[in-house]
Amino acid sequence: AELTITATHDGVLATLAATAASKLAGVAQHNIAADNFGWILVKGVGVAITNLAVVAGDELTLGGAGGELTTLAAGKGVGLALSAGGGPTLVKLDI
């Protein structure tokens with residue numbers, strides 16, 4: 001897993017399986033090709049990839065094997081699942 005941000009803020013790479021939730025900058029709302037612009041959701045309702053264990057109402061954190069969001073056992077996470085998980089899932093983020 002790697003989260004790399006250069007000094008000029010170009011080249012943000014993220015595969016988040018082993019990255020601490022505190023390092024999460026946001027969740028892309030579509031595929032962003034190299035050398036292009038895109039929207040990164042930090043707060044509000046959007047879509048994120050979650051694992052199958054997620055159910056509506058779960059607090060979310062990083063930790064899925066493929067970098068997806070997963071259920072947080074206790075405490076405040078990076079967002080709330082608004083629907084069941086297992087792929088693209090409606091979420092409310094507050095990063």
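Fair warning: this is a prediction, and the values are worked out from it, not measured in the lab.

**Structural notes on the overall build of the protein**
So, step 1. The secondary structure content of the protein amounts to zero helices and nine strands.
So, step 2. Each helix (α) and strand (β) of the protein, taken in turn from the N terminus, gives the series β-β-β-β-β-β-β-β-β.
So, step 3. For the protein, the residues scored as buried account for 31% of the 95 residues in total.
So, step 4. Taking as baseline every contact in the protein between residues at least 6 positions apart, the subset at least 24 positions apart corresponds to 38%.
So, step 5. For the protein, the accessible surface area stands at approximately 5,900 Å², while carbon and sulfur atoms represent 60% of it.

**Quick look at the nonpolar core**
So, step 1. Membership of the largest hydrophobic core is limited to twelve residues, which are L24, V27, L41, A48, V54, L60, L62, L69, V78, A81, V91 and L93.
So, step 2. Where this core is concerned, the elements lending two or more residues are β6 (59-62) and β9 (87-94).
So, step 3. Excluding residues within four positions of it along the chain, L60 makes contact with V54, L69, T70, L72, G77, V78, G79, L80, A81 and V91.

**Let's talk about the side chain of N51**
So, step 1. Along the polypeptide, N51 turns up in the loop between β5 (43-50) and β6.
So, step 2. Within polar-contact distance, the side chain of N51 engages the side chain of T70 at 2.6 Å.

**Things to note about the confidence of the model for the protein**
So, step 1. On average, residues of the protein carry a pLDDT of 79, and 79% of them reach 70 or more.
So, step 2. Per-residue pLDDT, averaged within each element of the protein, yields its smallest value for strand β1 (residues 2-4) (46) and its largest for strand β8 (residues 79-81) (94).
So, step 3. Note on residues 1-13: pLDDT is under 50 here. Beyond four places in sequence and across chains, it has 17 contacts.

**A short note on the environment of A73**
So, step 1. In this structure, A73 sits in the loop between β7 (69-71) and β8.
So, step 2. The class for A73 is exposed, based on a relative accessible area of 85%.
So, step 3. Considering only alpha carbons, one finds A73 and D58, 15 residues apart in sequence, at a separation of 8.8 Å.

Criteria and thresholds
- Residues numbered from 1 in each chain as written.
- Predicted model: local features only at pLDDT ≥ 70, side-chain atom pairs only at ≥ 80, totals over all residues.
- Heavy atoms only, no water.
- Helix = DSSP H or I, 4+ residues; strand = E, 2+ residues; numbered from the N terminus.
- Buried < 20%, exposed > 50% of the residue type's maximum accessible area, 1.4 Å probe, protein only.
- Contact = heavy atoms within 4.5 Å.
- Areas by Shrake-Rupley, 256 points an atom, 1.4 Å probe, with all protein chains shown as cover.
- Core = buried A, V, L, I, M, F, W, Y, C linked by side-chain atoms within 4.5 Å.
- Polar contact = N/O pair within 3.5 Å; in protein donor to acceptor, adjacent residues only side chain to side chain.
- pLDDT = per-residue confidence, 0-100.

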